[in-house]
Amino acid sequence: MSTTSLLVISDLHLADSRNVLEGFQLQQQAAFEGLLRAALPGGSLGIPSPPMLIVNGDCFDFLAVPPYPADGFTTPLLGLEKLAKIAATHESFFKTLRAFLDQGGRVTFLIGNHDIELCFAEVRAEITRLIDPTHTRDALLHFCLDQAYQPLPDVYIEHGNQYDFWNATSQLWDQYGKTLTPQPERIELPLGTQYMHRAALPISLRYPYFDHFDPPLGITRQIALLSVLDPTLVIETARGVVSMMSNAYRALQGLAPGEERIPTRLFTEATGDFTAFQQNMLSRVPTCPEMEERLYSPDELLQKQTSMLSAFFALSIALGQPLESALSAIFEPYSETGDEDTTSGMCRILSKHAEIRIALAGHTHVQYCAYSGTHGQLYLNTATWIQRMVPPVPAQLTPEVVAWLAQPDLAQVPLTNKTGFVFAWIKAQNGQPSTGRLCAWQGGNAGTYRML
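Here's what I pulled together on the structure shown here. (Residues numbered from 1 in each chain as written. Predicted model: local features only at pLDDT ≥ 70, side-chain atom pairs only at ≥ 80, totals over all residues. Heavy atoms only, no water.)

## Considerations on the overall build of the chain
At step 1: Across its full length, the chain holds 13 helices and 14 strands.
At step 2: A compact globule built from 452 residues would reach a C-alpha radius of gyration of about 22 Å, and the chain, at 22 Å, matches this within 12%.
At step 3: With the principal axes as the frame, the chain shows a C-alpha extent of 75 × 50 × 45 Å.
At step 4: Intrachain contacts of the chain at a sequence separation of at least 6 include 70% that bridge at least 24 residues.
At step 5: Just so you have it, the chain exposes about 19700 Å², and 54% of that area is on carbon and sulfur atoms.
At step 6: With 30 positive and 45 negative side-chain charges, the chain shows a separation of 3 Å between the mean positions of the two kinds. (Helix = DSSP H or I, 4+ residues; strand = E, 2+ residues; numbered from the N terminus. Rg over C-alpha atoms; globule rule 2.2 N^0.38 Å. Contact = heavy atoms within 4.5 Å. Areas by Shrake-Rupley, 256 points an atom, 1.4 Å probe, with all protein chains shown as cover. Lys, Arg positive; Asp, Glu negative; His and termini not counted. Charge placed at Lys NZ, Arg CZ, Asp CG, Glu CD.)

Encoded structure:
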């Protein structure tokens, strides 16, 4: 009886290595080489025939690579310009995929919100050339242009950004998730990408740990921390945020002269600006059934708002205290995970489709494995391969850690390392239901795997 094997990874975030936005370093490349070598016949995974590697979105981080379009749109020409910079940095990555195909492996790419440029035929053609310059392996290399991919009848895979308001796109797929056109001329970037380019980029460059904390630091705590560490950056970001709004709105309009250096006042005003920005963005989204499904129910929304207000008032008080007390309140253990929208969306898919046994997503950078639906179905999230670290709890806020928070260096991190090279391993035998589990690769190109 033949066995089909699938390896699913996501969120590699290959960029151009010009700044801290690069997500795929030498450690990730070594793990990638080791995993693909082990997956081939004779390798340590013990797979009898070459498997399919599925890269479930955000493989290439076009969002992180300049130039950053001011009009909020991307084009094939812009995509090719960015891809050339990625390729110049990551020749080994494409070479590794080429060797995998040479030995019978198959590769499928799905689109994520960071590599939305895969929707352009020109970009796909160039990636194909980089992996397979002689075009002798074309049959083994595939791009899924739909929102979701079903490599097996009971396995459902999508990146997961369509359930996240800020990172969903309305121009690629119809209400059924089918591609609208295989060759668009330009695509409007998701709101989250536009926000990054037009407002939040200086934060990611100056304080990159915001993008690497696991669990993530919510926006309210981020504003609080920056109000203490870098008031000038808060002011700059607030102005960038309100510039995206459709109505006239002045940033930090409640601040009196000199109050921008008072953390509590700056935090209060900046939080109000960001709330107004969120409401403005929501009001501009056309009402449609698929969007309504992605939004919270009234009870869920009330619960989230109550939680946010509670955190807001607690932080407002704490920011009026000495630095040590303020930081302790900001890093008090919290329950935010950043994956609620994607998890809810994927679980709704399972509840509606009893024939799907396993659903997989990425996007959230949060590892997840749970049974869902009414039929004992399995939802897996393969997290990310980028550097991850655990935020400090109050007891860990030593002078060294506080100094690092103010002047971070990702090469020397005084926090617990949580980086993992997670993959989902799906197996199916003819006529039998598919089985799946999360695993992690460890030990580089000569390493091994462990089940999670």
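## A short note on the sheet that holds strand β1 (residues 3-9)
At step 1: Pairing in this open sheet of seven strands is mixed, and the strands run β5-β4-β2-β1-β12-β13-β14 from one edge to the other. Edge positions in the open sheet fall to β5 (141-143) and β14 (448-451), since each of these has one partner strand only. Ignoring strand direction, the axes of neighbouring strands in this sheet form an average angle of 25°.
At step 2: In this fold helix α4 (residues 121-131) packs onto β4 (106-110) and β5, with an angle of close to 160° to the strand it touches most, β5. (Pairing = 2+ DSSP bridges. Axes fitted to C-alpha atoms, helices over the stretch in contact; angles between N-to-C directions.)

## So, the sheet that holds strand β11 (residues 377-382)
At step 1: Strand order in this open sheet of five strands is β6-β7-β9-β11-β10, and the pairing throughout is mixed. In this open sheet, the two edge strands, each paired with only one partner strand, are β6 (148-152) and β10 (367-372). If you compare each strand with its neighbour and ignore which way they point, the axes differ by 20° on average.
At step 2: By the bridge criterion, four bridges tie strand β9 (residues 358-361) to β11 in an arrangement that is parallel. Across the sheet, the residue bridging to I358 is L378, located in β11.
At step 3: Across the sheet, helix α12 (residues 340-352) touches β7 (155-158), β9, β10 and β11, and the angle it forms with β11 is around 150°.

## Some words on the packing of aromatic side chains
At step 1: Applying the stated criterion across every chain, the model contains 26 aromatic pairs.
At step 2: Geometrically, the ring pair formed by Y195 and F274 is edge-to-face, given 5.9 Å between the ring centres and 75° between the ring planes. You can see Y195 sitting in helix α5 (residues 191-206) and its partner F274 sitting in helix α8 (residues 263-283), a full 79 residues away along the chain.
At step 3: Ring geometry for Y207 and Y209: centres 6.1 Å apart, planes at 70°, overall edge-to-face. In this pair, the class of Y207 matches that of Y209, namely buried.
At step 4: Following the ring pairs from residue to residue traces out a cluster consisting of F24, F32, F60, F62, F93, F94, F109, F143, W385 and F421.
At step 5: Against the face of W425 rests R437, its NZ or CZ located 4.8 Å from the ring centre. (Phe/Tyr/Trp six-rings, centres within 6.5 Å; stacked < 30°, edge-to-face > 60°. Buried < 20%, exposed > 50% of the residue type's maximum accessible area, 1.4 Å probe, protein only. Lys NZ or Arg CZ within 6 Å of the ring centre and 35° of its normal.)

## Brief notes about the pairing of strand β12 (residues 421-429)
At step 1: Most of β12 sits out of view: seven of its nine residues are buried.
At step 2: Note that β1 and β12 share six bridges and pair antiparallel. Within β12, the position partnered with L7 by the bridge is W425.
At step 3: Here β12 runs beside strand β13 (residues 435-442); their pairing, made up of seven bridges, is antiparallel. If you follow W425 over to β13, its bridge partner there is R437.

## Quick notes on the nonpolar core
At step 1: Grouped together as the largest cluster of nonpolar side chains are 107 residues, with contacts concentrated most on L45, L53, F60, F93 and F109.
At step 2: Not counting chain neighbours up to four residues away, the residues in contact with F109 comprise V55, C59, F60, L97, L118, I127, I131, L141, H142, F143 and C144.
At step 3: Counting 19 residues, the second-largest nonpolar core is a separate cluster that includes I54, I358, V422 and A424. (Core = buried A, V, L, I, M, F, W, Y, C linked by side-chain atoms within 4.5 Å.)

## Quick notes on the environment of I86
At step 1: Note that I86 resides in helix α2 (residues 76-89).
At step 2: According to the relative accessible area criterion, I86 is buried, its value standing at 0%.
At step 3: With 25 residues separating them in the primary sequence, I86 and D61 have C-alpha atoms 8.3 Å apart.
At step 4: Excluding residues that lie within four positions of it along the chain, I86 makes contacts with L14, A15, F60, D61 and V65.

## Overview of the environment of V366
At step 1: Note that V366 resides in the loop between β9 and β10.
At step 2: Distance in space between the C-alpha atoms of V366 and A251 is 33 Å, their sequence separation being 115 residues.

## Focus on the environment of P202
At step 1: Within the secondary structure, P202 is located in helix α5.
At step 2: Of the residues examined, P202 reaches a relative accessible area of 27% and is grouped as partly exposed.
At step 3: With near-sequence residues (within four places) excluded, P202 lies in contact with L233 and E236.

## With respect to the side chain of T364
At step 1: Here T364 is to be found in the loop between β9 and β10.
At step 2: The exposure class assigned to T364 is buried, which follows from its relative accessible area of 11%.
At step 3: A distance of 3.1 Å separates a polar side-chain atom of T364 from the backbone nitrogen of V366.
At step 4: For T364, the side chain forms a polar contact with the side chain of N381, separated by 3.3 Å. (Polar contact = N/O pair within 3.5 Å; in protein donor to acceptor, adjacent residues only side chain to side chain.)

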